[in-house]
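Read off the chains here:
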Amino acid sequence: MSAPVVELRDAARLYQLDGAPVAALRGVTLRVEAGEFVAIVGPSGSGKSTLLHLMGGVDLPTSGEVRLFGDVTHRLSDAALTAVRLRRLGFVFQRFFLLPMLTAEENIILPMLEAGVPPAERARRVSELLEYVGLTHRRRHVPGQLSGGEMQRIAVARALANAPSLLLADEPTGELDQQTGQEIGRLLQRVHGAGVAVVMVTHNADIAALADRMLVLRDGRLT
Amino acid sequence: MVWFLARKNLRRAASRTILVVAGVTVAGALLFDMSMLGGGLERSFGSALGRLGYDVRVVLKGTLPLSTDALLPGAQTIARRIAAHPGVGLASPVLATNLYVEGPAGRSAAVTFGLRPEVRGIIRQESGRDTVDGLVVNRELAQRIGVSTGDTVQVSSRISPQTGRPGRTTAMRVQAIGEFAFDLKAQRTIAMPLGDLQDLLGLDGEPASFIVVKTEPGADAESIVRWVAAEWPTLDAFSITGLLEQVHRQLRYFEHFSTILTGISLLVAFLLIGTVLTLSVGERLGELAALRAVGLSRSRVVLLVLLEGAVVSAVSTPMALAVGAVISHPLDAILRATPGIPQDLHFFVASPAAVIRTVLLLTVTGTLGAAHPAWIAGRLSIAATLHQEVQ
C-alpha cells in the first residue's frame, strides 16, 4: 500500500469561545491516498473547513495528529509547513482569493515566483495552466473582469502552479451557480485524473458525487 | 515577488497612495528644511569665514570673538610677532568703529573698518580689487549720501549731541565703491587704511579692535590659538572652529527649534503611513491569509507590508527634497530679514549631510510606520481569518 498524502489520527480541534471549549472536530481518523478524489460533505458548522485546514497545515489539531506527506504537522515549524504548502499542496477557496490588482496570469505565477521557478519555466507553465483551465484568452484580465466561474478556474490554475500532489478545495462551488459549479467539479475531476489527490469540502451533493469517495461530517465526526 | 506585490498593492488604491505620498512629501519637506536649518547658519558662517581665509582671530581677553567694542593696544607689534611665528602666513590688525560720512545728499553714520593693504578679500571693489589703499564706500552708503568714485566726502569721528556738529573731520576722496563681507541688510559701511583711521580717531599706540591671522597651508590653526593664548595672557584667540562653537552656543535655540519641528514632521509621516497601511492590511486580511495558505511565509508577508511603507517613503523622498528646497528660499529670506544678520549668511543651507539625514529619517520612519500593520499581517491566523472571510 502506498504512503498516504495526508492522514488524520484521532484528530480533534477545540476552540475557546467566551472561555468555554467548543469542539469543531472530534477524533477524526482519515487517510487520503495519492491520486485519490475525496469529497467531504456535511451541513454548515459540521467542521468541514476546519478539517480541510488541518489537512493543509494552516491549522493544528488540539489533540491527535495530522500527517502531511508523512510529517506530523504539529512537529513542523511554521516555515516548514509553509514550504510544504508552497511546493506540495494546492488550495482552492470558496471566495477564490485572487489578488484583484493582478492579472489572471500574474495570479497564477505568484506561487511559482515564491518557489523560485525560473522565468522561462514560469512562462511555459502559466501558458499550459491557462490552456488547461480554458482561459488563455483571459490571461491579461484582472479578476474584476472575470466571471465567478472564470475566477475559480484561475484559482485552480494557481493551486496547480507548483505541480502539487494534493489539492484541497474548500467549497469551490459555493459562490457559483449550478452549471458553473458543475464545470468546476469536472475541472477538479480532470485534476484528479492527472494524478493529483483532491480533497473537496462541499455541501453540493451533485459535485460530491464526482469524487471516488464521499465522507460525511456531522458535529465534528465522520460518519 | 514581495517587491512586485508591494508595488501592485500601492497602485491598487492609487488615490489613497497619492494622498499618503503627498502627506509624507509635505512632512518630509519640513524635515529637510529643518535639517537645513539645524546648523545651516553655522555652515554658512563657516563657509564665509573659510572663503576669506582668515582662520584665527585675536581679540582682547574677555570680549566676544566678533565684538569690536574693546581696543587692543599695541596691536601692530603683536601682529608682527604673530606673523613671525612658524605656520603663520599673515597677521594684521583691524580697527572697527562708527564714523559719520557726509556727501552731497546728506550725512550718515557708517560702520568703518581700518585695514592694512595686505588684508585682502574683506572688501570687493567694483573694479575687482580687494585691497584698501583709500576710502572705499559700500553701495548702500554711496546711494544714501549721493557719492560715486572720485567724489570728496567729509568723514567725522563723532557728532556733538548738544550742537549736532561734527567733531574731528577729514575730507577724503572716494577711491572706490565696493561690497563688504558680512554687511548687514541696509548696513552702510566704509573702509580706509588703518593708519588714516587711527589718525582720524586720534588714537596713539597703534591700537586695533582685533587681529586677523591667516595660517600657512597645512599649519594647524588650533596650535596657533594655543600659542597666542600662552604668549599673551591678556588676549583671546579663536580659530574658525572656535568661532563656530561660539556661534553654535549663541544660536542653540535654532537647533532646538529644528529638533522640535523635525520630531513633529517625523511623527506626522509615521502616523500617515501607519494609519494608511493599517487600514490597507485590515481590508485585505483574507487575501493575506490566502497568500499564507498558498505558500507565502510569515516573514515574507511582514516584509511585504514593511516594503509598502518603505516604498511610500522612497517615492515621497525625492519630492520632499524638491519641495523642501523650494520652500527654504522664502523661509530663508524671512529669517535673513531679521536685523543684524549679515547678507552673505543663510539660515537654510543644503548640504549632503542634510540630504542624507532626510533620506535616512524618512526611510526609517516609513518602515517603522509600517511596523504595526506588518505585525498584524504577520501574526494573523490563517484558518481563523479564512473562516471569518467566508462568514
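You'll find the structure just up there.
Only a predicted model underlies this, so the values are computations on that prediction, with no experimental measurement involved.

Conventions we followed
Residues numbered from 1 in each chain as written. Chains lettered and ligands numbered in written order. Predicted model: local features only at pLDDT ≥ 70, side-chain atom pairs only at ≥ 80, totals over all residues. Buried ≥ 20, exposed ≤ 12 C-beta atoms within 10 Å, placed from the backbone. Helix = DSSP H or I, 4+ residues; strand = E, 2+ residues; numbered from the N terminus. Contact = placed C-beta atoms within 7 Å. Pairing = 2+ DSSP bridges. Axes fitted to C-alpha atoms, helices over the stretch in contact; angles between N-to-C directions. Nonpolar A, V, L, I, M, F, W, Y, C, P; charged D, E, K, R; others polar.

The periodicity of an α-helix, 3.6 residues per turn, causes residues three or four positions apart to be oriented the same way. All names here are of chain A. Most of helix H3 (residues 104–115) sits out of view: 10 of its 12 residues are buried. For H3, the full list of buried residues reads Ala 104, Glu 105, Glu 106, Asn 107, Ile 108, Ile 109, Leu 110, Pro 111, Met 112 and Glu 114. Among the structural elements, helix H2 (78–88), helix H4 (119–132) and helix H5 (148–159) are those in contact with the buried residues of H3. One or two steps after H3, the chain reaches Gly 116, where phi turns positive at roughly 75°.

With that out of the way, let us pick up the sheet that holds strand S8 (residues 197–202) of chain A. Whether parallel or antiparallel, the strands of a sheet pair through hydrogen bonds between backbone atoms. All names here are of chain A. Taken together, the six strands give an open sheet; going across it, the order is S6-S7-S8-S3-S9-S10, and neighbouring strands pair in mixed fashion. Looking at strand neighbours, the two that pair on one side only are strand S6 (89–92) and strand S10 (221–222), the edges of this open sheet. As judged from the two bridges shared by strand S9 (residues 213–218) and S10, these two strands associate in the antiparallel manner. The residue bridging Arg 218 from the neighbouring strand is Arg 221, located in S10. In this fold H5 packs onto S6 and strand S7 (166–170), with an angle of close to 165° to the strand it touches most, S6. The strands touched by helix H6 (residues 178–193) within the sheet are strand S3 (37–41), S7 and S8, with S8 carrying the most contacts at an inclination of about 155°.

Right, let's get into the interface of chain A and chain B. At the junction of the two partners, chain A supplies 24 residues and chain B supplies 20 residues. With five residues, H2(A) is the largest single contributor of residues to the side of chain A that touches chain B. Tallied by class, the residues present in the side of chain A that touches chain B amount to 13 nonpolar, five polar and six charged.

Honestly, it's all geometry; don't read function into it.
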